[in-house]
Amino acid sequence: MEMILRAVAIYLILLVVFKIAGRRALLQMTSFDLILLLIISEATQQALLGNDFSVTGAMLTIVTLVVIDMLFGVLKKYIHGAESVLDGSPVILVSHGKLQNDKLKKVDVSCDDILVSARQNHGIIELKEIKYAILERNGHISIIPEESAS
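Residues numbered from 1 in each chain as written. Predicted model: local features only at pLDDT ≥ 70, side-chain atom pairs only at ≥ 80, totals over all residues. Heavy atoms only, no water.

Draft legend 1. Structural detail: the packing of helix α1 (residues 2-21) against helix α4 (residues 55-78). Running from N to C, α1 and α4 point in directions that differ by 45 degrees, and their axes come no closer than 9 Å. Between α1 and α4, the crossing angle belongs to the class labelled oblique. In this structure, α1 meets α4 at a crossing whose hand is right-handed. Between α1 and α4, the residues in contact are Met-3, Ile-4, Ala-7, Val-8, Tyr-11, Leu-12 and Leu-15 and Gly-57, Leu-60, Thr-61, Thr-64, Leu-65, Ile-68, Asp-69 and Phe-72, respectively. A per-class count over the contact of α1 with α4 returns 11 nonpolar, 3 polar and 1 charged. (Axes fitted to C-alpha atoms, helices over the stretch in contact; angles between N-to-C directions. Helix = DSSP H or I, 4+ residues; strand = E, 2+ residues; numbered from the N terminus. Parallel < 35°, antiparallel > 145°, perpendicular 65-115°, else oblique. Left-handed = near helix turned anticlockwise from the far one by under 90°. Contact = heavy atoms within 4.5 Å. Nonpolar A, V, L, I, M, F, W, Y, C, P; charged D, E, K, R; others polar.)

As structure tokens, this is what we get:
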């Protein structure tokens, strides 16, 4: 029972930590982010298993984590608003070539992040060519180009 409680506690703590860190953390992973993720995974493993390194203990922990994830999936499906609370909602960062500075600050995304996504996905190099830039729930920036007046 202790392992199940450990798994639930660690899952919830990581959920809160990554929620606080924001979707910006998901945009692009730097070397520092990768190192941090590896350290977090090692600390999490130690906290989840404690002194029990048995296969049974590991299986129980894995099953508990998967069940928790499935329960959150069910919550998101059947409880209105749960998805927005757990995953956030899309945020419009650019509207018709104009930066939404208050929203940029709130989600900790820079103009450069938007332009990188615009260049990589659409070959767009200027903000005025962007109809909408939207920070999605998964941390990616979707770009909708302005329609050319040809």
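Draft legend 2. Helix α7 (residues 111-122), seen in detail. When the terminal C-alpha atoms of α7 are compared, their 16 Å separation across 12 residues agrees well with the 16 Å that a helix rising 1.5 Å per residue should span. Turning to α7, its buried residues are Asp-113, Ile-114, Leu-115, Ser-117 and Ala-118. One or two residues past the end of α7 sits Gly-123, with phi positive at roughly 70 degrees. (Expected span 1.5 Å × (residues − 1). Buried < 20%, exposed > 50% of the residue type's maximum accessible area, 1.4 Å probe, protein only.)

Draft legend 3. The pattern of salt bridges, seen in detail. Enumeration according to the criterion identifies 3 salt bridges in this entry. Between Arg-6 and Glu-2 there is a salt bridge, with its nearest N and O atoms 3.0 Å apart. Residue Arg-6 and its partner Glu-2 are located together in helix α1, separated by 4 residues, close to a single helical turn. Overall, Arg-6 belongs to the partly exposed group, its relative accessible area being 28%. (Salt bridge = Lys/Arg side-chain N within 4 Å of Asp/Glu carboxyl O.)

Draft legend 4. Just a nonpolar patch on the surface, in detail. Taken together, the side chains of Ile-13, Val-17, Phe-18 and Leu-37 present a nonpolar region at the surface, about 340 Å² in accessible area. No other element matches the 3 residues that α1 contributes to the nonpolar patch. When its relative accessible area of 39% is taken as the criterion, Phe-18 is described as partly exposed. (Patch = residues over 30% accessible without salt bridge, like charges linked within 9 Å, V, L, I, M, F, W, Y side chains within 5 Å. Areas by Shrake-Rupley, 256 points an atom, 1.4 Å probe, with all protein chains shown as cover.)

Draft legend 5. Structural detail: unusual backbone geometry. One non-glycine residue with positive phi stands out, namely His-96, at about 50 degrees. Positionally, His-96 belongs in the loop between β1 (91-95) and β2 (98-99). A positive phi angle, near 60 degrees, is found at Asp-108, a position not held by glycine. Taking relative accessible area as the criterion, Asp-108 reaches 52% and is therefore assigned exposed.

These figures capture arrangement, not role.
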